[in-house]
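# Commentary on secondary and tertiary structure
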Amino acid sequence: MGNTPGQLSKDLPAAKVPSTHVKCRGGTYPRDKSIARFPVPDDKVGWDIPYPDYQPVEYISPSVLAKPVWADPDIREPGAPQLQWGTIDNKVNRASHTGQYMIVDGLPRNPVGRTGVKLRGTLGRWGPNHAADPIVTRWKRDTSGNTVADETSKKRILQFVAITRRDSGEWAIPGGMVDAGEQVSVTLKREFGEEALNSLEATPEQKKEIEETCYELFHKGKEVYRGYVDDPRNTDNTWMETVAMNFHDDTGKSVGKFKLNAGDDASGVQWRDIDHNLKLFASHIEFIEEVVRRLGAHW
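Report on the accompanying structure. Computed from a predicted structure; not experimentally measured.

### A word on the overall build of the chain
Of the regular secondary structure elements, the chain holds four helices and 14 strands. Counting only carbon and sulfur atoms, one obtains 49% of the accessible surface of the chain, whose full area is about 15,200 Å².

### Digging into the nonpolar core
Counting 40 residues, the largest nonpolar core has V136, F160, F218 and I288 as its most contacted members. One finds C24, L107, V112 and W126 within the second-largest nonpolar core, a separate group that totals 15 residues.

### A word on the side chain of N110
Relative to the assigned elements, N110 resides in the loop between strand 6 (107–108) and strand 7 (117–121). Here the side chain of N110 touches V112 through a polar contact of 2.9 Å, landing on its backbone nitrogen. Side-chain polar atoms of N110 contact the backbone oxygen of T235, separated by 3.0 Å. Not counting chain neighbours up to four residues away, the residues in contact with N110 comprise H21, W47, T115, Y228, N234, T235, D236, T238 and W239.

### A look at the pattern of salt bridges
For side chains bearing opposite charge, pairing can occur when the charged atoms are close. Summed over the entire model, instances satisfying the criterion amount to twelve salt bridges. We note a salt bridge from R76 to D74, for which the minimum N-O separation is 2.8 Å.

### A few points about the side chain of R114
Counting through the fold element by element, R114 comes out in the loop between strand 6 and strand 7. Buried charge R114 goes without a salt bridge, the closest partner of opposite sign being D236 at 6.5 Å. A polar contact of 2.9 Å, which involves the side chain of R114, links it to the backbone oxygen of I49.

### Things to note about the pairing of strand 9 (residues 158–165)
Put simply, side chains in a regular strand alternate between the two faces of the sheet. Counted residue by residue, strand 9 has eight buried out of eight residues, so it is predominantly covered. Across the two faces of strand 9 the burial is the same, with L158, F160, A162 and T164 and Q159, V161, I163 and R165 all buried. In the sheet, strand 9 pairs with strand 10 (residues 171–172) via two bridges, with the strands oriented antiparallel. Within strand 10, the position partnered with T164 by the bridge is W171. The loop that links strand 9 with its antiparallel partner strand 10 comprises five residues; one of these, G169, has a positive phi angle of about 80°.

### Things to note about the packing of aromatic side chains
In the structure shown here, the tally under the stated rule is seven aromatic pairs. With a centroid separation of 6.2 Å and an interplanar angle of 55°, the aromatic rings of F38 and Y51 are classed as tilted. Remark: Y51 occurs in the loop between strand 1 (2–5) and strand 2 (57–60) and F38 occurs in the loop between strand 1 and strand 2; sequence separation between them is 13 residues. A centroid spacing of 5.7 Å and a plane angle of 80° characterise the contact between F38 and Y54, whose relative ring orientation is edge-to-face.

### Structural notes on the environment of G116
Mapping G116 onto the fold places it in the loop between strand 6 and strand 7. Residue G116 is classed as buried on the basis of its relative accessible area, which comes to 0%. Along the chain, G116 and T28 lie 88 residues apart, while their C-alpha atoms are 9.7 Å from each other. Among residues more than four places away in sequence, those in contact with G116 are R37, F38, V40, Y54, P56, V57 and D236.

### Topic: helix 4 (residues 284–295)
Compared with an ideal rise of 1.5 Å per residue, which puts twelve residues at 16 Å, helix 4 spans 17 Å between its outermost C-alpha atoms and is within 8% of the ideal. The complete set of buried residues in helix 4 reads H284, F287, I288, E290, V291 and V292. If you follow the buried residues of helix 4, they end up packed against strand 8 (127–139), strand 9, strand 10, strand 12 (222–229) and strand 13 (238–249). Backbone geometry just after helix 4 places G296 at a positive phi near 65°.

About the thresholds
Residues numbered from 1 in each chain as written. Predicted model: local features only at pLDDT ≥ 70, side-chain atom pairs only at ≥ 80, totals over all residues. Heavy atoms only, no water. Helix = DSSP H or I, 4+ residues; strand = E, 2+ residues; numbered from the N terminus. Areas by Shrake-Rupley, 256 points an atom, 1.4 Å probe, with all protein chains shown as cover. Core = buried A, V, L, I, M, F, W, Y, C linked by side-chain atoms within 4.5 Å. Buried < 20%, exposed > 50% of the residue type's maximum accessible area, 1.4 Å probe, protein only. Polar contact = N/O pair within 3.5 Å; in protein donor to acceptor, adjacent residues only side chain to side chain. Contact = heavy atoms within 4.5 Å. Salt bridge = Lys/Arg side-chain N within 4 Å of Asp/Glu carboxyl O. Lys, Arg positive; Asp, Glu negative; His and termini not counted. Pairing = 2+ DSSP bridges. Phe/Tyr/Trp six-rings, centres within 6.5 Å; stacked < 30°, edge-to-face > 60°. Expected span 1.5 Å × (residues − 1).

Next up, the structure:
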């Protein structure tokens, strides 16, 4: 047993570790209803709390077992390569935004606590799996181009680009995984273009316009969140982390003018009004609420 310090950006402190997680406990594991999570009561999440009866289900999805390029090797096998925890390991970022995580019996341990499932599930990397989430927003406007305010709060209504995930059918921010060796800023632009604007199927002329507009908007983003994500795919040994950035089109003349077309991992995409009734994938609603607070919009 031991712990390995994570490697932090020089100008950023370690992100606060959430006190608990909810979406990666109970019920069945995503994409395979035959995998029932071992029950983890609210008072048994933390590893420092004794839970002698705890017997998490072992699960690695067939897609991960097929050894795609985005997945780590099975480090439990004899002769498996030694992974370098808490640092950049052959272009793969194994550092955690939370600072450090425990290595127990040769496997990384979820920094928040128990999930009822162990091994990798559907995630490719042991330990942290890094994503980037671009929150693209604009003000809701009427047919005359004037901003629209809520009748009760009198605050302007904010809209964001939302996609419907193909895997779960839930509305979400159009984010994605950070490829090995890729900068987060590149991931943010790539995922937004692929999922919300369907740049993969755009003509050369359309791609050029998309790239120019995205460059202008994405050049002035503001970080909203950096850290652990309460994601239903998390297990005891692998978990999602993200950097969420807000890119606000204040005039509606940048990305706000584009026709949205679902692509890549999205089955639907639209500008959605933001309020407290929104139901979104994983921790996305928390990121949206922070954007609302910062822009002083209706909630």
